[in-house]
Amino acid sequence: MPQKYKAVRGTADVLPYDSYKWQYVENKMIEVSRLFGFREIRVPVFEHTEVFTRSVGDTTDVVQKEMYTFDDKGGRSITLRPEFTAGVVRSVIEHGLTNEALPLKVCYIGACYRYEKPQAGRYREFHQYGVECIGAPAPSADAEVIALAKYLLESLDISDLRLELNSIGCPECRPKYQAALKEYFKSHEDKLCNTCLERLDRNPLRILDCKSEVCSGLKAQAPVVLDFLCDECKTHFEGVKRHLEAMNIKYVINPRIVRGLDYYTRTVFEFIAEDIGAQSTVCGGGRYDGLIEQMGGPSVPALGFAMGIERLLLVMESRKAAFPRPKPCEVYIAPIGERAAEYASKLCGLLRAEGFSAATDLAGRSVKAQMKYADKIGALYTLVLGDNELESKVAVLKDMKTGKQVEVNLPDGLITAVYDQTINSAMDDLTKSIEKMEGLFNINE
Ligand code: HAM
């Protein structure tokens, strides 16, 4: 008995009857990125492990618990990307892209891997769309990146996600906050989980991000980062808020957002959807002014965000958002016999060259079976071709929805074209006969 294989836990197949939703969303992402001047960057799915440990931070859940790390056959430690920012920054530094016109604006779409407990909206293989804006220190950049995310959400018909905003300060003011946090959590040491006990000395900010219930319960009374911001961070934050207001982008300040990755400075933000369960953050991002230098590049400020595509789709599905369906097969040509089959292949080619989606028999089936197939794939029109049709050069085009039938002239030249390749005249004849169908063949709308 052969083994029945199943997809690995936390991964999912996107099946042919669903992939158009992904294509629709991804096309919008590319289109909106272009409107805002972001060009696509493609980076490898795996990197040297250090790329992530140095940037994401070795006290984060992502690095401590969630990375798919393995030694390759050459003994190098390799990690499947848990996110894109680190790899993008590595690439930008490696190729000296900070020497180009700044800000450099890039976007990406692709799979990420985190060993998390799977649940609705949380997977081990998931997909992100994100942008990174490199070399943009002004508050207007923070607002612009947020505006892009907002614009995209609106163009996907989900305009009511809540934008939450915070500033987590800079290396200047953060140590004071960290000290206050440490003092607070030290007084509750007995209640912390083991991972957070470790974090207490090394990075108390991470305790705010802990997913365990005990530690989460302590968060409410913890000191708030906004009370510790230095003057520059305060001014920057005020600037971001003013820009958002000027663009009429509504936000709420949530001083509890710290984000789960270590590289952030100043602005952090999330877009939250209430109606998709516990994994409600659809988009998260912020500024990471120190990361490029920390990774061995020049001192260039940067910021960005990433959206989880699965979560985005969950929100769209839950709101019954419209996913425009791609056109099905427009004409199915059902040949009877070898000569008709050759003609059908040629006719398909001509129709495709005209932009119509055309299909014909690839399984040597009877006409009856072919018509069944045409019905199943949702073909709009069918055309049966037998010897009679080839002789008379007239065939019947059937509208599969209404059952209405119309006689069409088979392009004269086409029959010749099968043998002597005079495609152009065949094309003319075919186009003319399509025109003769008086709007019935209006599959181009
Ligand atoms: P992140 O918050 O870790 O940020 O992930 C961004 C988004 O990816 C989340 O808001 C969520 O929608 C999605 N996501 C994360 N983990 C999973 C999962 N296990 N299953 C499904 N979806 C998930 C980052 O990754 C940063 N690199 C964002 C960024 C870019 N910051 C600056 N530039």
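Residues numbered from 1 in each chain as written. Predicted model: local features only at pLDDT ≥ 70, side-chain atom pairs only at ≥ 80, totals over all residues. Heavy atoms only, no water.

(A) A look at the overall build of the protein. Tallying secondary structure elements over the protein gives 16 helices and 16 strands in all. Computed over the C-alpha atoms, the radius of gyration of the protein is 29 Å, more than 25% above the 22 Å expected from 2.2 N^0.38 for a compact globule of 445 residues. Across its three principal axes, the protein shows a C-alpha extent of roughly 90 × 60 × 45 Å. Sorting the 445 residues of the protein into buried and exposed places 51% on the buried side. Partitioning the intrachain contacts of the protein with sequence separation of at least 6 by distance along the chain shows that 70% fall at a separation of at least 24. In the structure as shown, the protein presents an accessible area of about 22100 Å², 51% of it carried by carbon and sulfur atoms. For the protein, the distance from the average site of its 57 positive side-chain charges to the average site of its 63 negative ones is 4 Å. (Helix = DSSP H or I, 4+ residues; strand = E, 2+ residues; numbered from the N terminus. Rg over C-alpha atoms; globule rule 2.2 N^0.38 Å. Buried < 20%, exposed > 50% of the residue type's maximum accessible area, 1.4 Å probe, protein only. Contact = heavy atoms within 4.5 Å. Areas by Shrake-Rupley, 256 points an atom, 1.4 Å probe, with all protein chains shown as cover. Lys, Arg positive; Asp, Glu negative; His and termini not counted. Charge placed at Lys NZ, Arg CZ, Asp CG, Glu CD.)

(B) Seen up close, the domain arrangement of the protein. Here the domain parsing of the protein yields domain 1 (3-173 + 229-318) and domain 2 (331-433). Centre-to-centre separation of domain 1 and domain 2, based on C-alpha positions: 49 Å. (Domains from an automatic or database assignment.)

(C) Just the pairing of strand β9 (residues 265-272), in detail. Counting buried residues in β9 gives eight out of eight residues, a clear majority hidden from the surface. Sheet topology note: the strand β7 (residues 162-167)/β9 ladder contains six bridges and is antiparallel. Among the inter-strand pairings, Leu165 is bridged to a residue of β9, identified as Phe269. Pairing between β9 and strand β10 (residues 281-287): six bridges, direction antiparallel. Within β10, the residue paired with Thr265 across the bridge is Arg287. (Pairing = 2+ DSSP bridges.)

(D) Quick peek at helix α9 (residues 231-246). End to end, α9 covers 22 Å across 16 residues, agreeing with the expected 22 Å (1.5 Å per residue, within 8%). Among the residues of α9, those classed as buried are Cys233, His236, Phe237, Gly239, Val240, Lys241 and Leu244. For α9, the elements touching its buried residues are α5 (139-155), β7, β8 (252-253), β9 and β10. Following α9 by one or two positions, Asn248 adopts a phi angle in the positive range, close to 65°. (Expected span 1.5 Å × (residues − 1).)

(E) Quick look at the environment of Ile30. By secondary structure assignment, the location of Ile30 is in helix α1 (residues 19-35). According to the relative accessible area criterion, Ile30 is partly exposed, its value standing at 38%. Along the chain, Ile30 and Lys191 lie 161 residues apart, while their C-alpha atoms are 47 Å from each other.

(F) How the structure looks around the sheet that holds strand β4 (residues 77-80). Within the open sheet, the three strands sit side by side as β2-β4-β3. Their pairing is antiparallel. Of all strands in the sheet, those with a lone pairing partner are β2 (46-48) and β3 (69-71), marking the two edges. In this sheet, adjacent strand axes meet at a mean angle of 35° when their direction is disregarded. Of the strands in this sheet, β2, β3 and β4 touch helix α2 (residues 49-56), which is tilted by about 80° from β2. (Axes fitted to C-alpha atoms, helices over the stretch in contact; angles between N-to-C directions.)

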